[in-house]
Amino acid sequence: MTSSSDRSPAVDVHAPKSYEIRTYGCQMNVHDSERLAGLLEEAGYVRAPEGSDGDADVVVFNTCAVRENADNRLYGNLGRLAPKKASRPGMQIAVGGCLAQKDRDTIVKKAPWVDVVFGTHNIGKLPVLLERARVQEEAQVEIAESLEAFPSTLPTRRESAYAAWVSISVGCNNTCTFCIVPALRGKEKDRRPGEILAEVEALVAEGVSEITLLGQNVNAYGSDIGDREAFSKLLRACGNIEGLERVRFTSPHPRDFTDDVIAAMAETPNVMPQLHMPLQSGSDTVLKAMRRSYRQSRYLDIIRKVREAIPHAAITTDIIVGFPGETEEDFEETLHVVREARFAQAFTFQYSKRPGTPAATMENQIPKEVVQARYERLVALQEEISWEENKKQVGRTLELMVAEGEGRKDDATHRLSGRAADNRLVHFTKPDQEVRPGDVVTVEVTYAAPHHLLAEGPVLDVRRTRAGDAWEKRNAEKAAKPAGVLLGLPKIGVPAPLPAATSGCGCD
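Attention here is on the structure that accompanies the text. (Residues numbered from 1 in each chain as written. Predicted model: local features only at pLDDT ≥ 70, side-chain atom pairs only at ≥ 80, totals over all residues. Heavy atoms only, no water.)

Before going further, it helps to spend a moment on the environment of E188. Mapped onto the fold, E188 is located in the loop between α6 (181-185) and β9 (189-190). Sequence spacing of E188 and N173 is 15 residues, and the spatial spacing of their C-alpha atoms is 5.7 Å. Setting aside its immediate chain neighbours within four residues, E188 contacts S169, V170, G171, C172, N173, N217, A220, Y221, G222, S223 and D224. Here S223 takes part through its side chain, which lies 3.3 Å from a polar atom of the side chain of E188. (Helix = DSSP H or I, 4+ residues; strand = E, 2+ residues; numbered from the N terminus. Contact = heavy atoms within 4.5 Å. Polar contact = N/O pair within 3.5 Å; in protein donor to acceptor, adjacent residues only side chain to side chain.)

Take the pattern of salt bridges next. Should the charged atoms of two oppositely charged side chains come close, the side chains can pair. In the structure shown here, the tally under the stated rule is 35 salt bridges. With a closest N to O distance of 3.9 Å, R191 and E195 form a salt bridge. Three or more residues are tied together by salt bridges with common partners; here these are E434, R436, D439, R464, D469 and E472. (Salt bridge = Lys/Arg side-chain N within 4 Å of Asp/Glu carboxyl O.)

Another aspect to go through is the sheet that holds strand β7 (residues 163-167). On the basis of which strands lie adjacent, the open sheet formed by 3 strands has the order β7-β10-β11 and parallel pairing. Strand pairing shows two members of the sheet lacking a second neighbour, β7 and β11 (246-250), which therefore form its edges. Between one strand axis and the next, the sheet turns by 25 degrees as a mean value, whatever way the strands run. Relative to strand β10 (residues 210-214), β7 runs parallel, the two sharing 5 bridges. Bridged to A164 within β10 is I211. With respect to the sheet, helix α7 (residues 193-206) is in contact with β7 and β10, its orientation differing from that of β7 by roughly 170 degrees. Sitting on the sheet, helix α8 (residues 230-238) is in contact with β10 and β11, with an inclination near 155 degrees to β11. (Pairing = 2+ DSSP bridges. Axes fitted to C-alpha atoms, helices over the stretch in contact; angles between N-to-C directions.)

Turning next to the sheet that holds strand β13 (residues 314-321). The 3 strands lie next to each other as β12-β13-β14, forming an open sheet whose pairing is parallel. Two strands lie at the open edges of the sheet, namely β12 (274-276) and β14 (345-350), each paired on one side alone. For this sheet the average axis-to-axis angle between neighbouring strands, irrespective of direction, equals 10 degrees. The pairing of β12 with β13 spans 3 bridges and is classified as parallel. From the neighbouring strand, L275 faces β13, where its bridge partner is I315.

Before going further, it helps to spend a moment on the packing of helix α12 (residues 328-341) against helix α13 (residues 368-391). Relative to each other, α12 and α13 sit at 10 degrees, their axes nearing to 10 Å. When the axes of α12 and α13 are compared, the pair comes out roughly parallel. Facing E328, F331, E332, L335, V338 and R339 of α12, the residues of α13 in contact are R374, R377, L378, L381, Q382 and I385. Of the residues that constitute the contact of α12 with α13, the class distribution is 6 nonpolar, 1 polar and 5 charged. (Parallel < 35°, antiparallel > 145°, perpendicular 65-115°, else oblique. Nonpolar A, V, L, I, M, F, W, Y, C, P; charged D, E, K, R; others polar.)

Looking now at the pairing of β14. When you tally the buried positions in β14, you get 5 out of 6 residues, the bulk of the element. With 6 bridges connecting them, β13 and β14 associate as parallel partners. What sits directly across from V321, in β14, is Q350. Each parallel crossover has a hand, and for β13 linked through α12 to β14 it is right-handed. (Buried < 20%, exposed > 50% of the residue type's maximum accessible area, 1.4 Å probe, protein only. Right-handed = clockwise from strand over helix to strand, strands pointing away.)

The tally for this structure, following the rule as stated, stands at 5 aromatic pairs. A centroid spacing of 6.5 Å and a plane angle of 80 degrees characterise the contact between F178 and F323, whose relative ring orientation is edge-to-face. On the criterion of sequence distance, the pair formed by F178 in the loop between β8 (169-170) and α6 and F323 in the loop between β13 and α12 is long-range, its members being 145 residues apart. Each of the two residues, F178 as well as F323, counts as buried. An angle of 85 degrees between the planes, with centres 5.1 Å apart, marks the rings of F231 and F249 as edge-to-face. (Phe/Tyr/Trp six-rings, centres within 6.5 Å; stacked < 30°, edge-to-face > 60°.)

See below:
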């Protein structure tokens with residue numbers, strides 16, 4: 001006789017199935033995961049509670065292939081789920097994203113308990129593939145070689161009521177030697193401007209007040225539709241949308257950053273004075289080896305023009321340290337650019353081999369200890385500059401869009417947090433009146449740290465907004481229906497605070 005402790009847990013066949021999505025990589029993957037959530041909820045699944053840690057009926061891994069150990073991370077997590085799946089009848093595991101596009105059948109060979117493998121071009125097939133795997137009782141591997149439908153046509157579970165991604169293109173036409181993303185995401189494909197603007201207008205009608213235009217190489221927008229000034233025109237068109245308070249974009253490429261874009265940024269009031277411009281290296285020799293189609297002088301010229309047109313712009317960047325063949329002289333050139341550009345922040349990466357990229361097989365790979373030492377020098381210099389640049393903000397009066405959950409210590413300090421127009425994070429004293437995420441407050445900066453500002457005095461003004469109303473409505477709906485609620489059209493996701501530490505996978 002089987003004891004009760006040996007029996008599998010009872011399954012409520014009438015309860016909706018739950019899902020959990022684990023996301024790795026860049027903003028593209030974050031946005032794709034919100035589409036995957038929307039697809040699953042449209043198919044009747046409900047989101048698993050926070051901290052479910054693999055206890056959902058469906059666990060989806062949306063993977064990244066950029067880092068050297070990306071596959072080890074995936075297979076380690078899959079291995080930890082194997083016993084849970086064995087003990088839970090009907091549980092399914094799916095793997096998508098860039099690593100799935102690259103490894104394909106290898107995934108089910110290494111982890112035969114995986115039910116579905118799908119690629120970057122056919123995320124819309126996930127619910128169908130899950131059902132097919134359930135009925136046929138065998139793994140489904142389906143990798144499309146080209147985009148089946150532009151992802152923004154798919155339903156998306158939007159987490160935020162006040163901020164959203166708007167994808168304007170997918171894919172990339174560059175051939176950077178350290179990056180595998182173009183091989184996995186395909187050539188650039190642009191959306192029509194009318195479709196983008198219609199989506200933005202629909203978002204604003206729902207209460208969204210900040211949008212971030214998203215592309216693998218966002219300012220190359222127009223190359224697929226034959227208009228070299230399409231991106232600057234798009235920025236200006238966003239400026240004509242009533243109710244849209246903040247427009248951002250990520251990530252641009254120096255090669256495609258033209259004067260008309262700088263003019264559009266400076267002349268369009270709701271385009272924020274913030275620019276994330278990946279440098280990668282300050283050395284012309286290394287840039288050539290990376291196949292980056294600009295040189296140090298061109299990069300610094302862009303920074304100069306931006307500062308002349310937008311004096312208070314906060315400029316951030318990505319830098320790779322220890323690229324194959326990088327000499328001490330090459331590294332000193334990178335430090336020179338950092339000193340000249342005076343970035344508000346720099347997201348620094350120690351070079352690691354990306355399997356399948358030309359750089360992975362280059363000679364003169366730099367020893368780990370050399371890379372580490374250079375990395376520490378770069379971080380120390382940038383920390384000093386970031387702090388100095390933030391100190392210049394002390395005494396300024398800033399308008400902040402109140403954020404949700406950005407200040408990890410806010411509860412302990414009785415503060416709230418928000419983002420300034422230039423995207424700097426500011427923690428401020430909680431006012432007596434109610435302030436909601438999406439509302440706008442006016443504060444005076446009293447203290448600067450390298451990565452944030454403080455406004456310790458009283459809030460000077462609170463402006464309740466339609467975005468705050470939308471946040472309040474969303475939370476009321478969430479309380480009434482704790483899971484499985486789509487926020488309706490438009491099908492769009494919420495950006496992480498920009499610039500994100502994983503901006504563009506470090507590949508832009």
